[in-house]
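A structural walkthrough
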2 protein chains.
Amino acid sequence: MVTIGIVLAVASMGMAPQPQSRPVRPEVAPDRTVTFRLAAPNARKVEVNLEGTGNLSLVKGDDGVWTATTKALAPDLYGYTYSVDGVAILDPNNPRIKPNLIWVGNLILVPGNPPEVWETRDVPRGEVHQRFYRSAIIGDRRDYFVYTPPGYRQGKTKLPVLYLLHGFSDTANGWTAVGNAHVILDNLIADGKAKPMVVVMPLGYGVPDFATPGGRNFGDRSLVMENYTKFRDALLQEVRVQVEADYRVSAKREDRAIAGLSMGGAESLFVGLGNLDTFGYVGAFSSGGLAANRPEEAFPHLDVKKANTLKVFWMACGTEDSLIGFQRGFASWLKEKGVKVETKETPGGHEWRLWRRNLAEFAAKLFR
Amino acid sequence: MVTIGIVLAVASMGMAPQPQSRPVRPEVAPDRTVTFRLAAPNARKVEVNLEGTGNLSLVKGDDGVWTATTKALAPDLYGYTYSVDGVAILDPNNPRIKPNLIWVGNLILVPGNPPEVWETRDVPRGEVHQRFYRSAIIGDRRDYFVYTPPGYRQGKTKLPVLYLLHGFSDTANGWTAVGNAHVILDNLIADGKAKPMVVVMPLGYGVPDFATPGGRNFGDRSLVMENYTKFRDALLQEVRVQVEADYRVSAKREDRAIAGLSMGGAESLFVGLGNLDTFGYVGAFSSGGLAANRPEEAFPHLDVKKANTLKVFWMACGTEDSLIGFQRGFASWLKEKGVKVETKETPGGHEWRLWRRNLAEFAAKLFR
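Bear in mind the structure is a predicted one, so any value in this text is a computation, not a measurement. Along each chain, residues carry numbers from 1 onward, in the same order as the chain's sequence is written. As a convention, the first chain written is A and the first ligand written is 1, with the rest following in written order. Whole-chain, interface and lining totals are the exception, using all residues; otherwise, since this is a predicted model, local features are given only for residues with pLDDT of at least 70 and side-chain atom pairs are given and counted only at 80 or more. Heavy atoms throughout the structure, all of them, feed into the side-chain values; hydrogens and water do not.

**With respect to the overall build of chain A**
Condition: In DSSP terms, a helix is any run of H or I states spanning at least four residues, a strand is any run of E spanning at least two, and both are numbered starting from the N terminus. Radius of gyration: over C-alpha atoms. The globule rule applied is 2.2 Å multiplied by the number of residues raised to the 0.38 power. The rule is simple: take the accessible area with a 1.4 Å probe, protein chains only, and divide by the maximum for that residue type; under 20% is buried, over 50% is exposed, in between is partly exposed. Residues count as neighbours in contact if any of their non-hydrogen atoms are within 4.5 Å of one another. All accessible areas in this document rest on Shrake-Rupley with a 1.4 Å probe, and a residue is counted as covered only by the protein chains that are shown.
A tally of regular secondary structure across chain A gives nine helices and 18 strands. For 368 residues, the compact-globule formula gives about 21 Å, and the C-alpha radius of gyration of chain A, at 23 Å, lands near that figure. Within chain A, buried positions represent 61% of all 368 residues. Residue pairs at least 24 apart in sequence account for 72% of intrachain contacts in chain A once pairs closer than 6 positions are excluded. Summing over all exposed atoms, chain A offers an accessible surface of approximately 13800 Å²; the carbon and sulfur share of this is 51%.

**Focus: the sheet that holds strand 2 (residues 34-39) of chain A**
Residue and element names in this part refer to chain A. Filter applied, for reference: What makes two strands pair is DSSP finding at least two bridges between them.
Judged by pairing direction, the sheet is antiparallel, and its four strands sit side by side in the order 1-2-6-5 without closing on themselves. A strand with exactly one partner marks an edge of an open sheet, and here the two such strands are strand 1 (27-28) and strand 5 (59-60). Examined bridge by bridge, strand 1 and strand 2 share two bridges and lie antiparallel to one another. When the bridges of strand 2 are listed, Glu27 appears paired with Thr35.

**Some words on the pattern of salt bridges**
Residue and element names in this part refer to chain A. Rules: Basic side-chain nitrogens of Lys or Arg form a salt bridge, by our definition, when they fall within 4 Å of a carboxyl oxygen of Asp or Glu.
Counted under the stated rule, the structure contains 42 salt bridges over all chains. We note a salt bridge from Arg232 to Asp233, for which the minimum N-O separation is 3.0 Å. We classify Arg232 as buried; its relative accessible area is 13%. Classification of Asp233 by relative accessible area gives partly exposed; the value is 21%.

**Observations concerning the sheet that holds strand 5 (residues 59-60) of chain B**
All names here are of chain B. Pairing is antiparallel in the open sheet, where four strands are placed in the order 1-2-6-5. Looking at strand neighbours, the two that pair on one side only are strand 1 (27-28) and strand 5, the edges of this open sheet. The pairing of strand 2 (residues 34-39) with strand 6 (residues 65-69) spans five bridges and is antiparallel. For Arg37, the partnering residue across the bridge sits in strand 6 and is Thr67.

**Some remarks on the side chain of Asp91 of chain B**
All names here are of chain B. Keep this limit in mind: Charge assignment: positive for Lys and Arg, negative for Asp and Glu; neither His nor the chain ends contribute. We define a polar contact as two N or O atoms separated by no more than 3.5 Å, with the added condition that, inside protein, one atom must be a possible hydrogen donor and the other a possible acceptor, whereas residues neighbouring each other in sequence contribute only through side-chain atom pairs.
You can see Asp91 is positioned in the loop between strand 8 (87-89) and strand 9 (97-98). Of the buried charged residues, Asp91 lacks a salt bridge, with Arg25 as the closest side chain of opposite charge at 8.1 Å. Within the structure, the side chain of Asp91 is placed 2.9 Å from the backbone nitrogen of Asn93, a separation counted as a polar contact. Sequence-distant contacts of Asp91, that is, excluding residues within four places in its chain, are made with Pro26, Tyr80, Tyr82 and Asn106.

**Concerning the confidence of the model for chain A**
The predicted structure's coordinates, where accompanied by low pLDDT, should not be read in detail. Residues and elements named next belong to chain A. Under the convention used in this document: Scored from 0 to 100, pLDDT records how confident the predictor is in each individual residue.
Mean pLDDT over chain A: 91, with 92% of residues reaching 70 or higher. Taken as a whole, residues 1-20 scores under 50 in pLDDT and shows 64 contacts with residues more than four places along the chain or in a different chain. Here the predicted complex carries an ipTM of 0.93, next to a pTM of 0.93.

**A short note on helix 4 (residues 221-246) of chain B**
Basically, it comes down to this: How far a helix is expected to stretch is found by multiplying one less than its residue total by 1.5 Å. Take the seven residues that end at a residue and the seven that start at it, fit an axis to each, and the angle between those axes is the bend at that residue.
Here helix 4 of chain B is 26 residues long and its end C-alpha atoms lie 36 Å apart, about the 38 Å a rise of 1.5 Å per residue gives. The largest bend in helix 4 of chain B amounts to roughly 35° and is located at Leu235 of chain B.

**Description of the domain arrangement of chain A**
All names here are of chain A. How we decide: The split of the chain into domains comes from an automatic or database domain assignment. Buried surface area refers to the total accessible area, computed with a probe of radius 1.4 Å, that the two partners give up upon joining, counted for both partners together. Under the convention adopted here, Pro, Cys and the residues Ala, Val, Leu, Ile, Met, Phe, Trp and Tyr are nonpolar, Asp, Glu, Lys and Arg are charged, and Gly plus all remaining residues are polar.
According to the domain assignment, chain A contains domain 1 (19-110) and domain 2 (127-365). Listed as interface residues are 14 residues of domain 1 and, on the opposing side, 17 residues of domain 2. Approximately 1300 Å² of surface area, both sides summed, lies buried where domain 1 meets domain 2, with 55% of it carried by carbon and sulfur atoms. Here domain 1 is connected to domain 2 by three salt bridges. Ionic pairing is found between Asp76 and Arg356, a salt bridge with its closest N-O pair at 3.9 Å. At the boundary of domain 1 and domain 2, one finds nine residue pairs in polar contact (both at pLDDT 80 or more). In terms of residue count, the dominant contributor to the side of domain 1 that touches domain 2 is strand 7 (residues 76-84) (three residues). When grouped by side-chain class, the residues that make up the side of domain 1 that touches domain 2 number eight nonpolar, two polar and four charged.

Here is the structure:
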């Protein structure tokens with residue numbers, strides 16, 4: 001047995017011991033107020049931008065620590081960033097980071113009682129696989145993520161698949177690292193609210209540098225077209241083929257769904273409504289684009305009869321989202337055409353808080 | 001086909017177009033100098049702390065952008081953080097983040113020609129699986145990562161396993177997100193320099209809050225002991241058991257290796273030398289602790305004969321690392337005892353730049 005010496009040894013290991021005082025970081029109180037704290041002794045102005053709340057000014061204390069306390073917040077997983085003298089910064093003492101190609105931030109959980117659907121619970125857990133490949137269609141090296149539900153390794157039957165698409169500026173792990181999609185699915189499945197399913201989360205860009213800071217993107221119309229069509233082709237001809245070869249999944253239309261948020265919502269409409277033999281379910285969360293002022297041009301050959309064989313066609317958007325007009329306009333046009341679509345409007349803006357709830361609601365409808 | 005309208009639609013999607021000017025972010029020139037750039041118009045002092053170089057002062061331009069250019073750097077993957085008026089901040093325009101429970105930073109690649117072993121190449125790629133479970137031994141919910149090599153899904157034979165341990169303050173994905181362990185293995189395997197192997201990367205804490213900012217850690221000797229012993233027990237009785245049930249891996253001693261960096265190096269010595277029937281290979285990179293001034297107390301019951309049946313026992317440390325003394329002292333003590341150990345000293349400090357090279361060198365020695 002190795003015993004006593006390790007103690008003496010490690011204590012003098014050369015690693016700086018941490019200060020024993022309370023760390024300067026945000027704290028969630030039992031009354032669900034959050035106190036933000038940032039050490040910035042030389043700063044002149046410190047603010048925190050909190051998802052759903054906006055900017056709060058912090059006040060400097062004698063110790064150089066700036067603080068601000070929110071009102072009581074609803075249980076949720078909130079994004080936030082600090083601004084110090086006009087420079088957007090991450091919280092140096094919060095390891096939970098919201099990965100993003102352009103707008104990085106932090107996340108803080110205000111827990112619910114009982115826990116909300118995006119909160120980790122002691123239920124059987126699935127796995128999240130990161131896979132890598134070179135896309136011949138797009139011409140870059142890229143990754144995608146695959147969620148397998150609890151019991152996947154032991155099971156025998158082929159599972160249905162949800163293709164779940166992130167928004168503009170997200171990385172391929174947006175739906176897991178920020179959206180907690182894997183946690184949501186674990187909880188829904190444990191509670192019998194969703195069927196066990198595989199969830200495939202591809203990188204959503206059909207153009208390699210579409211979402212780099214300062215890059216060309218929505219300002220360039222031909223690039224936008226290339227982005228959407230190459231994304232579709234890579235999804236159907238590369239990612240789907242790999243997933244159906246490597247995972248125990250069904251290849252039937254009624255076992256395939258596609259949904260996404262924002263740009264990924266537009267992609268879901270584009271790919272889903274354009275490939276009605278491939279997908280049996282389409283969901284669009286806070287999406288714009290395709291449902292714009294000229295839907296006749298967006299969907300000139302929409303097969304109304306086939307669209308009505310979709311088992312679920314669902315759109316959701318926040319009422320304070322600037323894209324709500326697109327959803328309403330597109331839904332009206334679809335109804336005029338005779339296409340059945342279910343729409344939902346909820347309070348809120350263009351935010352992950354809505355998309356987690358959208359996923360929970362949409363996933364529960366699938367593969368019934 | 002869905003064609004024209006999407007263009008009009010997405011262009012007015014409500015997403016802010018990015019500025020067309022050059023983004024304010026670090027740039028690597030062909031001569032391998034790096035120019036750091038940070039917009040901070042109101043700041044009085046901006047520095048960048050660059051791995052292996054230390055602090056560089058940035059100079060403010062008329063546009064409020066601070067810049068500094070390094071000398072030509074050796075090809076490597078460098079960590080860096082900015083300091084603005086004394087506050088450590090991340091680069092707001094670099095999505096490549098070095099996850100960490102205490103010291104978050106950014107990463108920037110200075111590419112080699114030909115590419116270095118940690119650089120992504122067009123070779124067959126493995127997968128990285130994130131797995132979740134509740135540890136009965138440690139009493140928390142935790143995750144671990146499993147690398148499977150290219151061809152794993154198609155193969156039939158049982159593969160050997162390397163248990164690869166991160167350092168103090170790292171998250172469970174430290175070895176992949178910062179260490180590029182999966183890339184290193186892909187490249188070594190493609191070049192015939194390493195055997196195909198599964199790599200298991202557990203969360204390295206035996207005490208749940210061991211590495212929180214301001215938490216108790218190395219300053220508390222009984223806690224340190226608990227941290228090491230519970231980590232060992234969770235590794236052997238939980239993680240190992242799950243991996244051997246769920247993956248096509250060998251359960252023979254000669255097919256199991258353990259190695260780690262810093263705290264994980266100490267854990268590799270503790271677990272490896274303490275369980276010589278379980279592991280056939282032990283590696284310790286920049287480790288301290290166990291090899292301290294009183295090795296007789298650290299390893300009172302070391303089985304010299306059995307230790308000499310290890311197929312590889314390898315320690316490496318940087319000559320500028322404050323822990324170099326531990327490696328030298330422990331190696332001397334082992335030699336006096338008659339235990340064969342191979343040691344390596346390389347230029348450098350307590351840095352990932354060394355640990356990626358250590359992994360490449362150690363992995364190539366395994367399972368021969």
